[in-house]
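Here are the chains, one letter per residue:
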Amino acid sequence: MGTLKLSRQALIHNLDIIAHHIGDRDKIAVVLKDNAYGHGATLIAGACREYGIGHAVVRLEREALEIEEFFEDILILADVPTCTNPKFQYVINSLDTINKFPATTKVELKIDTGMHRNGIGIDEIEKAFEMMSAQQLECIGVMSHLRSADTLSSEYFWQRHTFDGLKPRVEALSQQYGWTPRFHLSNSAGVFRAAHCDDDIVRVGIALYGCLEMDISLQQPFLKPVLSLWGDKISTRVLKKGERVGYNGIYTAMCDEIISTYDMGYANGLDRLASNRYSTPQAVELRGRISMDSAAFSSDLDELLIFNDANKYAKAVGTIGYEILACLDKDLKREWIIE
Ligand SMILES: *Cc1c(COP(=O)(O)O)cnc(C)c1O
């Protein structure tokens, strides 16, 4: 199977850029959900720990268990506790789930400030505090999520304004209940939309991995993609002029051409929509349909770089880098490159 190579230097570069922009590396919470956006959760967690990052964010409790040793606290976005762990804190996404959290669970309250995906309504805050208290939970955070920070529009500003406007109200309530929650709103794009950071933490995912793509007219930080995807050659042949390769023979050789198949297919995360219309960073053309476990390229290299920037592969497919990364096969070999 192919190999996924990771650059520690790129990861550190990205962390430096993020830390410099917000002015405080202790505020960085690294988002490692979905196998660290396909990069490999424990590998990225270890490198972040070495850098001195103390906070992490995942989707599920089982993901938190996998990286527990590396962090001081781990925010779990969408799960309920099945174990007791003082490092874990669980997001409350709606009022009707509050009774699923056992007494003394550390929780963070998510407020819907306009995305309308998860979170309690602004008019439910008092009720939520009352319910969390009745359930004997410990509220250690109040958060929200931005829906459009990467696009050129005023949406970022009204969501920021709404969230900031809630702080005094939430602080007064917290005092009443004896809690001192941390406040946080920004994802990667939100970090770079703001000139400074007044929140207690920022939740950075895609920027950490070097694949943040802001609207062209917004200022884009110089980040480096951490991951590159490589295929190992299975076989080579000469495709004679007029011959066609792969399922349904959608590519016809215009002249005699050397092609090889590599051990990466759509089962490994190579989206099939890139069939016959993708060119690698070294200008090697993808030929014909991508199969389940292999794909043909106009090359005879033993090891072929398939992509080193998920956003570019995503363009050939009509999606975003996030999806390409998150869909990378968990079983692919993952290793740090020597640099
Ligand atoms: C995934 C996620 C993030 C990270 O978003 P990026 O755009 O990758 O930085 C932050 N917060 C929440 C709630 C998320 O679900």
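Quick notes on the rules
Residues numbered from 1 in each chain as written. Predicted model: local features only at pLDDT ≥ 70, side-chain atom pairs only at ≥ 80, totals over all residues. Heavy atoms only, no water. Pairing = 2+ DSSP bridges. Helix = DSSP H or I, 4+ residues; strand = E, 2+ residues; numbered from the N terminus. Core = buried A, V, L, I, M, F, W, Y, C linked by side-chain atoms within 4.5 Å. Buried < 20%, exposed > 50% of the residue type's maximum accessible area, 1.4 Å probe, protein only. Domains from an automatic or database assignment. Contact = heavy atoms within 4.5 Å. Salt bridge = Lys/Arg side-chain N within 4 Å of Asp/Glu carboxyl O. Buried area = accessible area lost by both parts, 1.4 Å probe. Near = heavy atom within 4 Å. Polar contact = N/O pair within 3.5 Å; in protein donor to acceptor, adjacent residues only side chain to side chain. Areas by Shrake-Rupley, 256 points an atom, 1.4 Å probe, with all protein chains shown as cover. Nonpolar A, V, L, I, M, F, W, Y, C, P; charged D, E, K, R; others polar.

Caption draft 1: Structural view of the pairing of strand S13 (residues 257–262). For strand S10 (residues 227–239) and S13, the ladder comprises 6 bridges, and the chain directions are antiparallel. When the sheet's bridge partners are listed, Arg237 is paired in S13 with Ile259. Pairing of S13 with strand S15 (residues 295–297), which is carried by 3 bridges, proceeds in the antiparallel orientation. Counted as the bridge partner of Thr261 is Ala296 from S15.

Caption draft 2: Inspection of the nonpolar core at higher detail. Ranked by size, the top nonpolar core spans 105 residues in total, and within it Val30, Leu32, Ile44, Ile67, Phe71, Met132 and Phe307 carry the most contacts. Of the domains in this structure, domain 1 (7–204) and domain 2 (227–336) are the two that each give at least three residues to this core. What Ile67 contacts, discounting residues up to four positions off in sequence, is Leu32, Ala41, Thr42, Ala45, Ala56, Val58 and Ile74. Core analysis: the second largest hydrophobic core is formed by 6 residues, Leu239, Val245, Tyr251 and Ile259 among them.

Caption draft 3: The pairing of strand S16 (residues 303–307), seen in detail. Of all 5 residues that make up S16, 4 are buried, and the element is covered over most of its length. Of the strand pairs in this sheet, S10 and S16 are connected by 4 bridges, and their pairing is antiparallel. Bridging from a neighbouring strand, Trp230 pairs with Leu305 of S16.

Caption draft 4: Focus on the environment of Glu285. Its place among the elements puts Glu285 in the loop between S13 and strand S14 (286–287). The contact partners of Glu285, leaving out residues within four places of it in the chain, are Tyr278, Ser279, Ala296, Phe297 and Ser298.

Caption draft 5: Here's a closer look at the pattern of salt bridges. A complete count under the given rule lists 16 salt bridges for this structure. Two residues, Lys233 and Asp302, come together in a salt bridge whose shortest N-O distance is 3.3 Å. With Lys233 in strand S10 and Asp302 in the loop between S15 and S16, this pair connects stretches of sequence that are 69 residues apart. Overall, Asp302 belongs to the exposed group, its relative accessible area being 57%.

Caption draft 6: The arrangement of the domain arrangement of the protein in detail. Domains assigned within the protein are domain 1 (7–204) and domain 2 (227–336). Facing 11 residues of domain 1, the contacting portion of domain 2 comprises 8 residues. Its largest share of buried area at the contact with domain 2, domain 1 owes to Tyr37, His39 and Leu43, together 45% of the area lost on that side. Across the contact surface, domain 1 and domain 2 share 0 salt bridges. Those elements giving two or more residues to the side of domain 1 that touches domain 2 turn out to be helix H1 (8–22), helix H2 (33–37) and helix H3 (41–51). The greatest single-element share of the side of domain 1 that touches domain 2, amounting to 3 residues, is contributed by H3.

Caption draft 7: Structural context of the site of the ligand. The local shell around the ligand holds 14 residues, among which Lys33, Tyr37, Ser188, Arg203 and Tyr322 are the closest. One nitrogen or oxygen atom from the side chain of Tyr37 is found 2.5 Å from an oxygen atom belonging to the ligand. Relative to its unbound accessible area of 390 Å², the ligand is 93% covered by the protein chains. Among the residues forming the shell around the ligand, the class breakdown is 6 nonpolar, 4 polar and 4 charged.

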